[in-house]
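A closer look at the structure
Listed below, chain by chain, are the residues.
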Amino acid sequence: MLSNAEIGIDLGTANILVYSKTKGIVLNEPSVVAIDINSKNVVAVGAEAKEMVGKTPQNIVPIRPLKDGVIADYDVTAQMLKEFLKKVSKKMGLSMRKPTVVVCTPSGSTTVERRAIHNAVSSYGAKHVHLIEEPVAAAIGADLPVDEPIANVIVDIGGGTSEVGIISFGGVVSCNSVRIGGDKLDEEIIQHIRKQYNILIGERTAENIKIEIGYAHPDHKEETMEVRGRDMVTGLPKTINVSSSEIYNALKESLQQILEAIRATLENCPPELSGDIVDRGIVLTGGGALLNGMKDWLAQEIIVPVHIAPNPLESVAIGTGRALKMISKLQKAAK
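Here is a short report on the structure shown in this document. Remember, predicted model here, so these are calculated numbers, not experimental data. (Residues numbered from 1 in each chain as written. Predicted model: local features only at pLDDT ≥ 70, side-chain atom pairs only at ≥ 80, totals over all residues. Heavy atoms only, no water.)

Digging into the nonpolar core
Here is the rule we go by: Residue types Ala, Val, Leu, Ile, Met, Phe, Trp, Tyr and Cys, when buried and joined through side-chain atoms within 4.5 Å, form a set referred to as a nonpolar core. Buried means the residue's accessible area, taken with a 1.4 Å probe over protein chains only, is under 20% of the maximum for its type, while exposed means over 50%, and partly exposed covers the values in between. The numbering of helices and of strands both runs from the N terminus, where a helix is a DSSP run of H or I of at least 4 residues and a strand a run of E of at least 2. Whether two residues touch is decided by their heavy atoms; if any such pair falls within 4.5 Å, the residues are in contact.
Judged by nonpolar contacts, the single largest core of 41 residues is most densely connected at Ile 193, Ile 201, Ile 209, Leu 255 and Met 294. When residues of this core are assigned to their parent elements, the largest contribution, seven residues, is made by helix α7 (residues 244-267). With sequence-adjacent residues up to four places away left out, Ile 209 is seen in contact with Ile 189, Ile 193, Ile 201, Gly 214, Met 225, Val 227 and Ile 247. In this structure, Ile 7, Leu 81, Val 101 and Ala 120 belong to the second largest nonpolar core, which totals 26 residues.

Re the sheet that holds strand β3 (residues 24-30)
In sheet architecture, strand pairing relies on hydrogen bonds along the backbone and comes in two forms, parallel and antiparallel. Note the cut-off: Pairing between strands is defined by DSSP: at least two bridges between the two strands are required. Lines are fitted to the C-alpha atoms to define the axes, a helix being fitted only along its stretch in contact, and any angle between axes, read from their N-to-C directions, falls within 0 to 180 degrees.
Strand order in the open sheet formed by five strands is β3-β2-β1-β9-β10, with mixed pairing between adjacent strands. One side of each edge strand has no neighbouring strand; the edge strands of this open sheet are β3 and β10 (128-133). The mean angle between the axes of side-by-side strands here comes to 20 degrees, regardless of whether they run parallel or antiparallel. Taken together, the six bridges between strand β9 (residues 100-105) and β10 define a ladder with parallel strand orientation. Residue pairing in the sheet places Val 101 in a bridge with Val 129 of β10. This element, helix α3 (residues 111-122), spans β1 (6-11), β9 and β10 of the sheet and lies at about 145 degrees to β10. Packing against the sheet, helix α4 (residues 134-141) makes contact with β9 and β10, and its axis sits at approximately 85 degrees to β10.

With respect to a nonpolar patch on the surface
This is how the line gets drawn: Excluding any residue in a salt bridge, patches collect residues exceeding 30% relative accessible area, merging like charges within 9 Å and nonpolar Val, Leu, Ile, Met, Phe, Trp and Tyr side chains within 5 Å. For the accessible areas, the method is Shrake-Rupley and the probe is 1.4 Å, while residue cover comes only from the protein chains on display. Salt-bridge detection follows one rule: a side-chain nitrogen of Lys or Arg within 4 Å of a carboxyl oxygen of Asp or Glu.
Together, Leu 290, Ile 308 and Leu 313 line one region of the surface with nonpolar side chains, adding up to about 260 Å² of accessible area. Position of Leu 290 among the secondary structure elements: in the loop between β17 (282-285) and α9 (294-302).

Considerations on the state of the cysteines
Our working rule: When the sulfur atoms of two cysteines come within 2.5 Å, that pair is taken as a disulfide.
Per the counting criterion, the structure on display carries zero disulfides. Left without a disulfide partner, Cys 104 is nearest to the cysteine sulfur of Cys 175, which lies 14 Å away. Take Cys 104: its relative accessible area is 1%, and that puts it in the buried class.

Focus: the sheet that holds strand β18 (residues 306-308)
Here we have five strands laid out as an open sheet, ordered β13-β12-β11-β17-β18, and mixed in their pairing. Each of the sheet's edge strands pairs with one partner strand only, and the pair in question is β13 (171-178) and β18. Ignoring which end each strand starts from, the neighbouring axes of this sheet average 20 degrees apart. Of the strands in this sheet, β11 (152-157), β12 (162-168), β13, β17 and β18 are in contact with helix α8 (residues 271-280), which crosses β12 at around 115 degrees. Each of β11, β17 and β18 is contacted by α9, which is oriented at about 160 degrees to β18, the strand it contacts most.

Points about the packing of helix α5 (residues 182-197) against helix α6 (residues 203-213)
Our working definition: Angle categories: roughly parallel below 35 degrees, roughly antiparallel above 145, roughly perpendicular from 65 to 115, and oblique for all the rest. Nonpolar residues are Ala, Val, Leu, Ile, Met, Phe, Trp, Tyr, Cys and Pro. Charged residues are Asp, Glu, Lys and Arg, and all others, Gly as well, are polar.
Two elements in contact, α5 and α6, have axes separated by 9 Å at closest approach and are oriented at 100 degrees. Between α5 and α6, the angle is such that the two are roughly perpendicular. Mapping the contact onto sequence places Gly 182, Leu 185, Asp 186, Ile 189, Ile 190 and Ile 193 in α5 and Glu 203, Ala 206, Glu 207, Ile 209 and Lys 210 in α6. Across the contact of α5 with α6, the residue classes tally to six nonpolar, one polar and four charged.

So, to be careful, I would describe these as geometric facts and stop short of saying anything about function.
Written as structure tokens, this is what we have:
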């Protein structure tokens, strides 16, 4: 039994991942909680709660307590963390008494937002809580040499935010954060289908469309997909065919804003580090890195090599966990 567990938490808008120093990723579940609004009790968390989205009776409400990478509902987040950490304790056979926890925060988060994250984790009884910036965690998880004096450019496209950071000597040299991520892309697809076809679809259907026929690059092989939703005129279920080029047009504007954030970060890069970027390029992490054609489209737009991290969905959590070893060094760099 370990009484002093050391864990890293990626508090993501779409998924929460928990990394243990001894066992690697021990939990990867959607950040969704289903709550009974009459008794205020948690009915389900994670994958089980996500299954309920759009399908529950009136008294049970699935909530996503994290919005744009930060805590939108403090009490629900604290409850969700407790449930997840209980799951981790059972799974690992560990006593999670007073764990040391490293949590990542978006680089654009305010002091109040950071304090909310700190308090939510502390309320579980963590002995020490360290906060680390998301681009740094993503870079460590993507196996980049963050503590060397060379430019490591990381683009983390998550569920709620996209973070762009240039990291050198263990600290952030230049960074930008835009509150655009996978959720926003899903929302654009919902809006497009509503305007174009007068049909309402849910978040899960929109996410499936994005995964199947969502493209970042305008030049792609045309694909179509059958989509089912509710006709807004008749109120009856209806099936339509949607093409990949119209989904590309729906996503184009949001992707452009992510591109602008990357450009703005590169423009603020010290000239000494710019040479490294030409050679080493940028590394993509987060679920958005897996959007069809993302790598090729970015490489064409910013004319530097673009690589996808070995494990884009888990990079931040892995980096958060590994940061336990180098936390004192990182904190000196952040001061």
